[in-house]
Amino acid sequence: QRYDRILLTGAAGGLGKVLRETLRPYARVLRLSDIAALAPSQGPHEEIVPCDLTDKDAVDALLEGVDAVVHLGGISVERPFEEVVEANIRGTYHLYEAARRNGVRRVVFASSNHVIGFHRQGVRLDSQSPRRPDGYYGLSKSFGEDLASFYHDRYGIETVSLRIGSSYPKPRNRRMMHTWLSYRDLTELVRCGLYAPGVGHTVAYGASANRDGWWDNRGAAVLGYAPQDSSEAFREEIERLPALAADDPDGIYQGGAFTAAGPYENV
Ligand code: NAI
Ligand code: 15L
């Protein structure tokens, strides 16, 4: 089974650029969308459709003829509420409304570890653990997960919400030894999110097989996800970095420095 057309939002971003290449085998056509400039189409397997997620009519048109969506677009770091609300809350609502109107049956939603970021490091969590958003960004992802749950219960649209840890070529600091998700494992997790049958609304953590991970990821195993990589390969390099101060949030909370952003005034 292979989708005819998959929409990738946020396709100009860090992970979008990666998945633009690695999702190629999983659909006849990838429709690539972003508010930022995108590299031109590389052939008949790619369609470029610029779109601002805050424009409801444009998002409706964006989803026409789409079978499944990988939704990465939006603000990806902690920012004042006024910014986050537009792209992440309003934008994700537009995406689900457009999915409903266009008969799209499956979404893979890029949620984030910042939905649970105020849990302390070392506390073992699974997908049923209480959420503890660590800022407006985490709150917006929490809203996205609830939106996915609602659109499944009400309209039968299935979603896999991936609480991505830290997806980069390699871990950048000590915290990411616990949260790292390699690009290879990211791709496999998104593939599982697109193709696993009967997911309803499933929440899974996006992490590689890191030795000291904080997340019990049975939710992802159910989808068929079996990570291939581990942050262990980078331990020596990371342990050469200066030690963290005892009160550095990067060593206290799962969400690290995001927990210490703000407050924002006069925005
Ligand atoms: P990124 O910031 O590089 O990419 C996000 C893209 O969304 C950007 O290209 C941006 O132009 C686009 N965008 C922003 N506002 C938009 C709007 N109004 N309309 C249309 N497009 C808009 O972020 P990255 O790292 O590629 O992350 C992708 C997704 O995964 C994001 O949703 C992020 O929250 C999530 N995520 C990423 C993690 C990581 O480690 N990279 C960890 C956890 C979650
Ligand atoms: C995220 O949600 C962000 O999009 C990304 O920039 C990283 O900071 C990541 O989480 C993280 O927690 O490391």
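Each remark here, short or long, concerns the structure printed above.
Values in this document were obtained by computation on a predicted structure and should not be read as measured data. (Residues numbered from 1 in each chain as written. Chains lettered and ligands numbered in written order. Predicted model: local features only at pLDDT ≥ 70, side-chain atom pairs only at ≥ 80, totals over all residues.)

Caption draft 1: Region of the structure containing the overall build of the protein. Within the protein one finds 8 helices and 7 strands. Rg of the C-alpha trace for the protein: 18 Å, near the compact-globule value of 18 Å for 267 residues, within the 12% margin. Principal axes of the C-alpha set define a box for the protein whose edges measure 50 × 45 × 35 Å. For the protein, buried positions account for 48% of its 267 residues. Long-range pairs, those at least 24 residues apart, make up 67% of the contacts in the protein with a sequence separation of at least 6. (Helix = DSSP H or I, 4+ residues; strand = E, 2+ residues; numbered from the N terminus. Rg over C-alpha atoms; globule rule 2.2 N^0.38 Å. Buried ≥ 20, exposed ≤ 12 C-beta atoms within 10 Å, placed from the backbone. Contact = placed C-beta atoms within 7 Å.)

Caption draft 2: How the structure looks around the site of ligand 1. Looking at ligand 1, there are 24 residues lining it, with Gly-10, Gly-13, Ser-76, Ala-110 and Ile-164 nearest. Going through the elements one at a time, α1 (14–22), α3 (81–102) and β5 (106–112) are the ones with two or more residues in the shell around ligand 1. Take the shell around ligand 1: its biggest share by element is 3 residues, from α1. (Near = placed C-beta within 6 Å.)

Caption draft 3: How the structure looks around the packing of α1 against helix α6 (residues 183–195). Contact pair α1 / α6: the axes reach a minimum separation of 10 Å and the direction vectors enclose 70 degrees. By the criterion of interaxial angle, the relationship of α1 to α6 is roughly perpendicular. Here the hand of the crossing between α1 and α6 comes out right-handed. Contact with α1, carried on its side by Leu-15, Val-18, Leu-19 and Thr-22, involves Tyr-183, Leu-186, Thr-187 and Val-190 of α6 and no other residues of that element. Considered class by class, the residues forming the contact of α1 with α6 number 6 nonpolar, 2 polar and no charged. (Axes fitted to C-alpha atoms, helices over the stretch in contact; angles between N-to-C directions. Parallel < 35°, antiparallel > 145°, perpendicular 65-115°, else oblique. Left-handed = near helix turned anticlockwise from the far one by under 90°. Nonpolar A, V, L, I, M, F, W, Y, C, P; charged D, E, K, R; others polar.)

Caption draft 4: Molecular detail of the site of ligand 2. What surrounds ligand 2 is the set Ser-76, Val-77, Ser-112, Asn-113, His-114, Ser-166 and Thr-179. Residues that form the shell around ligand 2 fall into these classes: 1 nonpolar, 6 polar and no charged.

Caption draft 5: Structural context of the nonpolar core. Ranked by size, the top nonpolar core spans 59 residues in total, and within it Leu-8, Val-69 and Ala-99 carry the most contacts. Setting aside residues up to four positions removed in sequence, Leu-8 forms contacts with Gly-16, Leu-19, Arg-20, Leu-23, Leu-30, Arg-31, Leu-32, Ser-33, Val-70 and Leu-72. (Core = buried A, V, L, I, M, F, W, Y, C linked by C-beta atoms within 7 Å.)

Caption draft 6: Summary view of α6. The terminal C-alpha atoms of α6 lie 18 Å apart, and with 13 residues this matches the ideal 18 Å at 1.5 Å per residue to within 8%. By the burial criterion, the buried members of α6 are Asp-185, Leu-186, Glu-188, Leu-189, Val-190, Arg-191, Cys-192, Gly-193 and Leu-194. Looking at the packing, one finds that the buried side of α6 touches α1, β4 (68–71), β5, β6 (158–164), β7 (201–206) and α7 (218–221). (Expected span 1.5 Å × (residues − 1).)

Caption draft 7: Broad picture of the environment of Ala-207. Looking at the element boundaries, Ala-207 is found in the loop between β7 and α7. C-alpha of Ala-207 to C-alpha of Leu-30: the two residues are 177 residues apart in sequence and 25 Å apart in space. Apart from the residues lying within four places of it in its own chain, the contact partners of Ala-207 are Gly-165, Thr-179, Trp-180, Leu-181, Gly-213, Trp-215 and Asn-217.

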